[in-house]
Amino acid sequence: MEVVWKSIKFKYIFACILITFVISCLISIAPMSIDDCKCELNTQENNVHKVHKKSLHRLAVLVPFRDRFEELLIFAPHMKKFLDKQNIDYHIFILNQVDRFRFNRASLINVGFLKVKKEFDYVAIHDVDLLPMNDELIYSFPDKSPYHVSSPELHPRYHYPTFVGGILLIKREHFIKVDGMSNKYWGWGLEDDEFYVRLKEAGLSIVRPQNVSTGTHNTFKHIHDRNYRKRDMVKCYNQREVTRKRDRQTGLHNVAYKELGVIKMTIEDTPLTVLNISLMCDKTSTPWCDCDKVVGSKDGKSKEKKVNKSATGL
């Protein structure tokens, strides 16, 4: 009897082991459960939502430029990092003035726009020495109105209400509508003020950032050293009088220049296109494109005054 019991007990244990083994095998080869599938799908959906699509519009960053390579070395990688976070479809164009005349920021912008208008939907008129520091500053497509990123409430230096310099986004159609910028502004200053008048006359309001968490001291970084590089603020001939008025003769339609070459370059993984631009000056209408003959002599100041008086009839 004891032998029979031991035999039954052994068979029972063997059967249990066999059944356990079979069940384990079945579980290991069974397909993934429905709950597991839902979990993976949800994870994929979350990842899709986290990846923002590239902008539908292309931005050309137009940077008027001359002899500021040390600033460009800072500007290029900073802007790449800043714009990549916004998934902007952009390219940076350095508008390098190579002629012997005084710097003409507005004409360079006109030339840059003519170069990019077929492939880009909007432009950022961008100073090389002004770096946006707050991610709340958006460079997206300004469909309804020009968007002044560096508004007077945020710019570290200029705070008057009609200021539109520094960084301005404007779409292709609006820039064409106002005939671009005046070509009469050789030297530093006032071309932005004239451009503001063009925008207002065309019925285009200026939109600016709202509810930004930073102020004039920490929204932008201004990297221009005034002691190292002086502003070209000389006024000669009748420049002071003419550049205080709305220019109705020049603009995008008649900017005079030669393109002397296109250079593709990279600064810290930031692709750039450098346009070497030689501007032309009509000295019968803007003789102040070269003030050297007037202000270069010992009595330059007196000569400048005499020229201004004779030109204005005073």
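Residues numbered from 1 in each chain as written. Predicted model: local features only at pLDDT ≥ 70, side-chain atom pairs only at ≥ 80, totals over all residues. Heavy atoms only, no water.

Undergrad: Got a minute to help me understand the environment of G203 in this structure?
TA: As for its placement among the helices and strands, G203 is situated in the loop between α6 (191–201) and β7 (220–222). According to the relative accessible area criterion, G203 is exposed, its value standing at 63%. As a C-alpha pair, G203 and V178 span 25 residues in sequence and 9.9 Å in three-dimensional space. (Helix = DSSP H or I, 4+ residues; strand = E, 2+ residues; numbered from the N terminus. Buried < 20%, exposed > 50% of the residue type's maximum accessible area, 1.4 Å probe, protein only.)

Undergrad: Can you walk me through α6 in this structure?
TA: An α-helical segment advances 3.6 residues per turn. Residues three or four places apart therefore align on the same side. Every buried residue belonging to α6 is among E191, D192, E194, F195, Y196, R198 and L199, and all of these are buried. Those residues of α6 that are buried lie in contact with α4 (105–116), β3 (122–126), β6 (167–171) and α5 (172–177). Looking one or two residues past α6, G203 carries a phi angle of roughly 80 degrees, positive in sign. (Contact = heavy atoms within 4.5 Å.)

Undergrad: Help me understand the state of the cysteines in this model?
TA: Defined simply, a disulfide is a covalent bond joining two cysteines at their sulfur atoms. All told, the structure shown has 2 disulfides when counted by the stated rule. Each sulfur of the disulfide joining C236 and C291 lies 1.9 Å from the other. One disulfide, between C236 and C291, carries an S-S torsion of -70 degrees and so falls in the left-handed class. Of this pair, C236 sits in the loop between β7 and α7 (239–242) while C291 is found in the loop between β9 (270–279) and α8 (292–295), placing the two residues 55 residues apart along the sequence. The burial state of C236 is the same as that of C291; both residues are buried. Paired by a disulfide, C281 and C289 hold their sulfur atoms 2.1 Å apart. With the S-S dihedral at roughly -90 degrees, the linkage between C281 and C289 falls on the left-handed side. The same class applies to C281 as to C289, namely buried. Here the cysteine-cysteine linkages of the protein chain are recorded as 1-4, 2-3, numbering only bonded cysteines and doing so in sequence order. (Disulfide = S-S within 2.5 Å.)

Undergrad: Whenever I open this one, the sheet that holds β6 confuses me. Can you help?
TA: Note on sheets: strands pair through backbone hydrogen bonds, and any given pair is parallel or antiparallel. Overall, mixed pairing links the 7 strands, which are arranged β5-β6-β3-β1-β2-β9-β8 in an open sheet. A single partner strand is all that each edge strand has here, and the edge strands are β5 (147–148) and β8 (257–267). In this structure, β8 lies alongside β9, joined through 10 bridges in antiparallel fashion. Counterpart to V262 in the pairing with β9 is L275. Packed on one face of the sheet, helix α3 (residues 69–84) meets β1 (58–65), β2 (89–97), β3, β8 and β9 and runs near 165 degrees to β2. (Pairing = 2+ DSSP bridges. Axes fitted to C-alpha atoms, helices over the stretch in contact; angles between N-to-C directions.)

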